[in-house]
Amino acid sequence: MKKIILFTACALLCAGTALSQNYKHAIGLRAGGSNAALTYKQHLNAGNAFEVMAWFGFYEASSFSAAGLYEWTQPVINNDFNLYYGVGGHLGAAANKFAIGIDAIVGLEYKIPNAPIAFSLDYKPSVNFMNLNA
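Residues numbered from 1 in each chain as written. Predicted model: local features only at pLDDT ≥ 70, side-chain atom pairs only at ≥ 80, totals over all residues. Heavy atoms only, no water.

## Topic: the overall build of the protein chain
- Counting its secondary structure elements, the protein chain contains zero helices and 11 strands.
- For the protein chain, the succession of helices and strands along the chain, N to C, is β-β-β-β-β-β-β-β-β-β-β.
- For the protein chain, the exposed surface amounts to about 7,400 Å²; the carbon and sulfur share of it is 69%. (Helix = DSSP H or I, 4+ residues; strand = E, 2+ residues; numbered from the N terminus. Areas by Shrake-Rupley, 256 points an atom, 1.4 Å probe, with all protein chains shown as cover.)

Written out as structure tokens, the structure reads:
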């Protein structure tokens, strides 16, 4: 079983369409602990988003892992700060192993006004419920 990741710092460098002081979609870089990932976030409407993350070869040279999360968002403090939380799943492969699991996420995001950049800090635990050896 994969360890639950305790704290993950995330920086999203957003290259998306601005919607007032928010954005519609973003690409980003996720870093924390001993791994990093590429991310893509698509806001479906004012309170919902879908985010995908992909890790390549960080634990083993031939490894790959991907997660998809449905997220709910709501402004806090002002429209530049958003609380987000969500659930989803992941799959991964490394050498002769394959894993499937569930994920959760909760975090706080700050969108820099009038700039295509946002930063966030979140907690994203995950648990494998299926480990297969090829």
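After that view of the structure, there is still more to cover.
## Describing the nonpolar core
- Residues Ala37, Met53, Trp55, Ala67, Leu69, Tyr84 and Ile105 constitute the largest nonpolar core, which totals seven residues.
- Beyond its immediate chain neighbours, meaning those up to four positions away, Tyr84 contacts Lys41, Glu71, Trp72, Thr73, Ile105, Val106, Gly107, Leu108, Glu109, Ser120, Leu121 and Asp122. (Core = buried A, V, L, I, M, F, W, Y, C linked by side-chain atoms within 4.5 Å. Buried < 20%, exposed > 50% of the residue type's maximum accessible area, 1.4 Å probe, protein only. Contact = heavy atoms within 4.5 Å.)

## A word on the side chain of Asn48
- Structurally, Asn48 can be placed in strand β6 (residues 48–56).
- A residue is classified by how much of its surface remains accessible, and Asn48, at 16% relative accessible area, is buried.
- Looking at Asn48, its side chain comes within polar contact range of the side chain of Asn45, at 2.9 Å.
- In this structure Asn48 touches His43, Tyr70, Glu71, Trp72 and Thr73, once residues within four positions along its chain are discounted. (Polar contact = N/O pair within 3.5 Å; in protein donor to acceptor, adjacent residues only side chain to side chain.)

## Description of the side chain of His43
- Assignment of secondary structure puts His43 in strand β5 (residues 35–45).
- If we ignore the near neighbours within four places in the chain, the residues touching His43 are Tyr23, Lys24, Asn48, Ala49 and Thr73.

## Section: the pattern of salt bridges
- As enumerated under the stated definition, the model contains four salt bridges in all.
- One salt bridge in this structure joins Arg30 and Asp122, with 2.9 Å as the shortest N-O distance. Of this pair, Arg30 sits in strand β4 (residues 25–32) while Asp122 sits in strand β10 (residues 118–123), placing them 92 residues apart in sequence. Comparing Arg30 with Asp122 shows no difference in burial state: the two are buried.
- Several salt bridges converge on common partners, so that one network encompasses Lys41, Glu71 and Glu109. (Salt bridge = Lys/Arg side-chain N within 4 Å of Asp/Glu carboxyl O.)

## Looking at the pairing of β5
- Bridging between β4 and β5 involves eight bridges; their strand directions are antiparallel. Residue Arg30 lies in a different strand from β5, and its bridge partner there is Ala37.
- As judged from the seven bridges shared by β5 and β6, these two strands associate in the antiparallel manner. Bridging from a neighbouring strand, Thr39 pairs with Met53 of β6. (Pairing = 2+ DSSP bridges.)

## A look at the pairing of strand β9 (residues 97–111)
- Examined bridge by bridge, strand β8 (residues 81–94) and β9 share 14 bridges and lie antiparallel to one another. By the bridge assignment for β9, Ala94 is matched with Lys97.
- Here β8 hands over to β9 after two residues, with Ala95 in that stretch at a positive phi of 50°.
- The pairing of β9 with β10 spans six bridges and is classified as antiparallel. Following the sheet pairing, Val106 is matched in β10 by Tyr123.
- In sequence, β9 turns back onto β10 through a hairpin of six residues, with Asn114 there showing a positive phi of about 60°.

## Quick notes on unusual backbone geometry
- If you check the backbone angles, Ile77 has positive phi at about 65° while not being a glycine.
- Relative to the helices and strands, Ile77 is located in the loop between β7 (64–76) and β8.
- With relative accessibility at 73%, the residue Ile77 sits in the exposed group.

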